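Observations on chain architecture
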Amino acid sequence: MLKILMSDIGRLFERLSSVGTLYLPIEGGGQTAFAPWRAGADVQLDRVNTDLSVKGLFFPQTEDIAFFKREGKKISVLPSSDPDEPFAVFGVRACDVRGLEVLDKVFLDDPAHMDTFYKGRRENGALIALACSSPAETCFCGAFGVDLAEPSGDVAAWIVDNTLYWEAKTQRGERLTEAVRPVMAEQSGTSAVDASKKAARDALAAAPLASLKDSLSAWGANDMLTLFSSPLWANLSMSCVGCGTCTYVCPTCQCYDVQDFDTGHGVTRFRCWDSCMYSDFTLMASGNPRKTQLERFRQRFMHKLVYFPEKYGGMFSCTGCGRCLSKCPVSMNIAKVIKAVGGVENG
Amino acid sequence: MQNVRELMIKKAGEMLSSGEVYGVLAWERGDFACDQTPALFTSPESLSRLAYDEFTAPMLSKYLINEAKKPNEGKKVMVFLKPCDTYNFGHLLSEHKVERDRVYAVGVACSGIFSREKTLLEKCLACKGMEFHHCDEVIGGEGKITWDKLDRFAGVEMIESMTPSERFEFWRGELSRCIRCNACRNVCPVCSCVKCVFDNPGSGVMSKSNADEFEENMFHIIRAFHVAGRCTDCGECSRVCPRNIPLHLLNRKFIKDVNALFGPYQAGASLDDASPLTSYSVNDPEPGYKDKAKGGERVA
Ligand code: SF4
Ligand code: SF4
Ligand code: SF4
């Protein structure tokens, strides 16, 4: 394990940015989001979760797929090239790392249909995960077996008092470690971080949503039809205004749309995030197959808590990051859905 | 507030038991502060879950568009309205989005709403006042503003004092954070078109992402223009924006200009007045030009 004083952290960032673009949680407009580091940036490592997840660095909100150019009667197609720029992300929390593991299933699981854009970024992006020491009231990562104090990633880091501790977890992490070693000191043993890990786990166990995992047993691939036909969906979905907030802030929501943009000189085909909550989601000639907000709302949660685990060996596609809890305009969210359909009253 | 909540439960229970209303639009408690959800209560027993306190933020009037249309043997729906929401209710009535006869509107006293960070919301700092409009009755009486009020138009004046390029930079900076989640539009009681132009795939503009910077600006410019003269300044758009974009500044610029050009106007306050921007009189000012005959000097 290596360590560095927080007062020297700028030197660590400098070393890391020599490897490729370095993304960090940076403050802007009263929010934090992953943005490229430059000296003097307002780096925010205290706030538990960034307002937007790390998803966008690997699966951007919009991304060009191909360009069409017309010359006379000839149309040429120029495909976008796969991303190959190396980069590193520092300060990813355990729940967001799990988010990427969920996206890996969708985009990389089937060798015959890999998403080459996503693959390019995953292969070139190093993750330096930061353990949490004080979870927010909206956090419930523990329900999905995510350990806030022991994040996976290429490197795991802990901040205890005024020191950052660093431990490589993968080969890529080892390579990064070599790059930063000159500015760091050796730390023997892990006792320095053990107490802080315990405190973090205790804090999560005392958070308001700690008991959520008990309601999760009602979910999963068990009884799809019963869950689908639950009479509770009507009341749960009543307040939903059908915005895309929960989907867009979610580290695992992966649906996208493909659209053409007329540039005036040709056409750019791009993909962009889509939301099952939107009225024009999967629109086809006959309209949206899910005609009511109830059906759209149900889809989001059935996908995360039933269809996904059904397809991928029981893995839920929620990480308990809590973003949809704090961002939904009407405070309707997956925690309430899990409990209500799982037979528990909230509050 | 506890007392107000009890009175609300009592009233809602009476109305449900007597069968005068088929349901009550209120808020249901959650797991922590800032976790209350709008809900339709249909039985007196369920009312123990009703919540109302200084964290009860979402407004209920927009739900009336759907609720007041449900057949339910012609029965009314009861709704709780905070003072600022009564303007939204008025607006929806004046545009015939909600039928007055189908609603039993109860004003509820407000003492300001706090955010998750336990600070008073901007919209409350700039509160328009605690009076109720268009209500059948009021619970808890008219509240009092006990805090130092923010000048509603100070932010607009700050932007007006900028040079055009500073102003452009300011808005580019703010709007570049927009993720096009449409939360601002979807909570807005004025944005109640049956189908928004941005949801029309044939319109050629995207509703779910910004194809480029121009579209990012355009969404907000079109929305601001479409709610001009109709926006009640309820502050919901800024409250819900997950990217913390100060959308109220756009709306308040229009409100300030409408006030200056046509005289003080508060959308949703009265059901009789035609809105300055939807009515015409020969004496209407020409905001873009001071005196066309003299070559059209620009003002405002
Ligand atoms: S659950 Fe909340 S955030 Fe998600 S679409 Fe509905 S209103 Fe928007
Ligand atoms: S559903 Fe909500 S809590 Fe779960 S991962 Fe997505 S944003 Fe986070
Ligand atoms: S709520 Fe905010 S982020 Fe969402 S569309 Fe409106 S301005 Fe953009």
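Since the structure is predicted, the reported quantities are computational estimates derived from the model, not experimental observations.

1. Side note on the overall build of chain A
- In terms of helices and strands, chain A carries 13 helices and 12 strands.
- Its C-alpha atoms give chain A a radius of gyration of 22 Å, near enough to 20 Å, the size a compact globule of 347 residues would have.
- The principal-axis extents of the C-alpha atoms in chain A amount to approximately 65 × 65 × 40 Å.
- In chain A, buried positions account for 54% of the 347 residues.

2. Some remarks on the domain arrangement of chain B
Residues and elements named next belong to chain B.
- In terms of domains, chain B is made up of domain 1 (2-139) and domain 2 (154-298).
- Each of domain 1 and domain 2 has a C-alpha centre, and the two are 27 Å apart.
- Taken together, the contact pairs 23 residues of domain 1 with 23 residues of domain 2.
- Interface of domain 1 and domain 2: buried area, both sides summed, is about 1700 Å²; carbon and sulfur atoms make up 55% of it.
- Three residues stand out in domain 1 for area buried against domain 2, namely K62, H91 and K128, and they jointly supply 30% of the buried area on that side.

3. Side note on the sheet that holds strand 4 (residues 62-71) of chain A
Residue and element names in this part refer to chain A.
- The strand order across the open sheet built from 4 strands is 5-4-12-11, with neighbouring strands paired in antiparallel fashion. Edge positions in the sheet fall to strand 5 (74-79) and strand 11 (256-262), since each has one partner strand and no second. On average, adjacent strands in this sheet sit at an angle of 20° to one another, irrespective of strand direction.
- Pairing of strand 11 with strand 12 (residues 266-273) involves 7 bridges; the strand directions are antiparallel. Across the sheet, D257 pairs through a bridge with C272, a residue of strand 12.
- On top of the sheet, helix 4 (residues 116-124) reaches strand 4 and strand 12; it is set at about 130° to strand 4, its chief contact.

4. Digging into empty space enclosed by the protein
All names here are of chain B.
- Within this structure, the stated rule accounts for 9 cavities of 30 Å³ or more.
- Put simply, the largest cavity is a space of about 160 Å³.
- Lining the largest cavity are 17 residues, with C84, K123, C124, C127 and K128 sitting closest to its centre.
- Of the residues in the lining of the largest cavity, the class split is 11 nonpolar, 2 polar and 4 charged.

5. So, the pattern of salt bridges
All names here are of chain B.
- Across all of its chains, the model carries 43 salt bridges over all chains by this definition.
- Between E95 and K97 there is a salt bridge, with its nearest N and O atoms 2.8 Å apart.
- A relative accessible area of 27% places E95 in the partly exposed class.
- E122 is paired through a salt bridge with R252; the nearest N and O atoms lie 3.1 Å apart. Taken together, the positions of E122 in helix 4 (residues 122-125) and R252 in helix 10 (residues 248-262) put the pair 130 residues apart, joining distant regions of the chain.
- Since its relative accessible area comes to 28%, E122 is described here as partly exposed.
- On the accessibility criterion, R252 (3% relative accessible area) is buried.

6. Here we look at the site of ligand 3
Residues and elements named next belong to chain B.
- Lining the immediate surroundings of ligand 3 are 14 residues, of which C178, C181, C184, H220 and C241 lie closest.
- Within the residue set of the shell around ligand 3, elements represented by two or more residues are helix 7 (183-187) and helix 8 (213-227).
- Looking at the shell around ligand 3, its residues break down into 10 nonpolar, 2 polar and 2 charged.

7. Focus: unusual backbone geometry
Residues and elements named next belong to chain A.
- Phi at S331 takes a positive value of approximately 55°, unusual for a residue other than glycine.
- When you line up the elements, S331 lands in the loop between helix 12 (323-327) and helix 13 (334-341).
- You can call S331 buried: its relative accessible area is 7%.

8. A short note on the pairing of strand 7 (residues 125-130) of chain A
Residues and elements named next belong to chain A.
- Counting buried positions over the 6 residues of strand 7 gives 6, a clear majority of the element.
- Where strand 6 (residues 87-92) and strand 7 come together, 5 bridges link them in parallel fashion. Opposite F90, over in strand 7, you have I128 as the bridge partner.
- In this sheet, strand 8 (residues 155-160) lies alongside strand 7 in parallel orientation, the contact comprising 3 bridges. When the sheet's bridge partners are listed, A129 is paired in strand 8 with A156.

Rules used in this analysis
- Residues numbered from 1 in each chain as written.
- Chains lettered and ligands numbered in written order.
- Predicted model: local features only at pLDDT ≥ 70, side-chain atom pairs only at ≥ 80, totals over all residues.
- Heavy atoms only, no water.
- Helix = DSSP H or I, 4+ residues; strand = E, 2+ residues; numbered from the N terminus.
- Rg over C-alpha atoms; globule rule 2.2 N^0.38 Å.
- Buried < 20%, exposed > 50% of the residue type's maximum accessible area, 1.4 Å probe, protein only.
- Domains from an automatic or database assignment.
- Contact = heavy atoms within 4.5 Å.
- Buried area = accessible area lost by both parts, 1.4 Å probe.
- Pairing = 2+ DSSP bridges.
- Axes fitted to C-alpha atoms, helices over the stretch in contact; angles between N-to-C directions.
- 1 Å grid on protein atoms, 1.4 Å probe; cavity = no way out; pocket = protein on both sides within 12 Å on 5 of 7 lines; lining within 4 Å.
- Points joined across faces, edges and corners; volume = space filled by probe spheres on them.
- Nonpolar A, V, L, I, M, F, W, Y, C, P; charged D, E, K, R; others polar.
- Salt bridge = Lys/Arg side-chain N within 4 Å of Asp/Glu carboxyl O.
- Near = heavy atom within 4 Å.

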